[in-house]
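Observations on chain architecture
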Amino acid sequence: MAKVLIVEDDADIRNAFAHGLTHAGYQMMIAGNAEEAAKQLQADTPDVMVLDLLMPGISGVEFLKQEKVSQRFPDMKILVFTNIDSPRVMDEAKSLGITEYIVKVTTTPSELAAKIQTLLKK
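In this report, the structure presented in the accompanying data block is examined. All values derive from a computational prediction rather than experimental measurement.

**Examining helix H3 (residues 60-67)**
Burial in H3 covers these residues: Gly60, Val61, Phe63 and Leu64. The arc enclosing the buried residues of H3, seen along the axis, measures out at 160°, which places them on a common side. Tucked into the core, H3 has its buried residues touching helix H2 (34-43), strand E3 (48-51), helix H4 (69-72), strand E4 (77-82) and helix H5 (87-95). Immediately beyond the C-terminal end of H3, within one or two residues, lies Lys68, with a positive phi of roughly 50°.

Here is the structure:
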C-alpha cells in the first residue's frame, strides 16, 4: 500500500482529500503546515507528497527550498496541489524538483487518487 503525505493548512480540504485517498487504498500521513510536514518526513518517507503552496508560516515553495526535499528524497513523487495558477510559480516549483502541478479547485479526491496512481506507475 503506497503512503501519501498531504500537506494542507485547510482542515476541511485536508480531511476531504485524505478520506478520499484512504478510500482509494492509500495509507495517509497528514500535516497542516510545513513544520509538521518536516517532522513527518523525518519519521517516515511517503511515496508521494501532496503539497499546498499557500500556507501560513513557511510556504510550500519555501519548504521545498529549505528542506531540499527533492534532493533528500529523490524517489518520492512531489505533487503540488494549489489554487495558484501562475506560470511563474509553476516554473519555480518545477525548478525545485516537483513531479506534478495540479490546480486544487478543479480536482476531486477521486481525480487526485487517479493522478497519484499514474505517478506511482512511472
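**Re the packing of helix H1 (residues 11-23) against helix H6 (residues 109-121)**
Between H1 and H6, the shortest axis-to-axis distance is 9 Å and the interhelical angle comes to 55°. Relative to H6, H1 is oriented oblique. Read as a crossing pair, H1 and H6 show a hand that is right-handed. Residues Ala16, Phe17, Gly20 and Leu21 of H1 touch H6, and the partners they reach there are Pro109, Leu112, Ala113 and Ile116. The class makeup of the residues in the contact of H1 with H6 is seven nonpolar, one polar and no charged.

**Re the environment of His23**
Within the element layout of this structure, His23 appears in helix H1. Taking the C-alpha atoms as reference, His23 lies 17 Å from Pro46; in sequence the two are 23 residues apart.

**Side note on the pattern of salt bridges**
Applying the stated criterion to the full structure yields eight salt bridges. Residue Glu67 pairs with Arg72 through a salt bridge whose shortest N-O separation is 2.9 Å. Taking relative accessible area as the criterion, Glu67 reaches 23% and is therefore assigned partly exposed. For Lys115, the salt bridge is made with Glu100, and the minimal N-O distance between the two is 3.6 Å. One end of the pair, Lys115, is in helix H6; the other, Glu100, is in strand E5 (residues 100-103), with 15 residues separating them in the sequence. Bridged by salt links that share partners, the residues Glu62, Lys65, Arg88 and Glu92 form one connected network.

**Remarks on the packing of aromatic side chains**
Overall, the coordinates contain one aromatic pair when judged by the stated rule. Pairing Phe17 with Phe81 gives two aromatic rings, centres 4.8 Å apart and planes at 70°, and the pair type is edge-to-face. With Phe17 in helix H1 and Phe81 in strand E4, this pair connects stretches of sequence that are 64 residues apart. The class of Phe17 is buried, set by a relative accessible area of 7%.

**Re the environment of Phe63**
Within the fold, Phe63 resides in helix H3. Judged by its relative accessible area of 2%, Phe63 falls in the buried class. Placed 29 residues apart in sequence, Phe63 and Ala34 show a C-alpha to C-alpha distance of 6.1 Å. Setting aside anything within four residues of it in sequence, one finds Phe63 in contact with Ala34, Ala37, Ala38, Leu41, Met49, Leu51, Ile58, Lys68 and Val69.

What counts as what
Residues numbered from 1 in each chain as written. Predicted model: local features only at pLDDT ≥ 70, side-chain atom pairs only at ≥ 80, totals over all residues. Heavy atoms only, no water. Buried < 20%, exposed > 50% of the residue type's maximum accessible area, 1.4 Å probe, protein only. Helix = DSSP H or I, 4+ residues; strand = E, 2+ residues; numbered from the N terminus. Arc of directions from axis to C-beta. Contact = heavy atoms within 4.5 Å. Axes fitted to C-alpha atoms, helices over the stretch in contact; angles between N-to-C directions. Parallel < 35°, antiparallel > 145°, perpendicular 65-115°, else oblique. Left-handed = near helix turned anticlockwise from the far one by under 90°. Nonpolar A, V, L, I, M, F, W, Y, C, P; charged D, E, K, R; others polar. Salt bridge = Lys/Arg side-chain N within 4 Å of Asp/Glu carboxyl O. Phe/Tyr/Trp six-rings, centres within 6.5 Å; stacked < 30°, edge-to-face > 60°.

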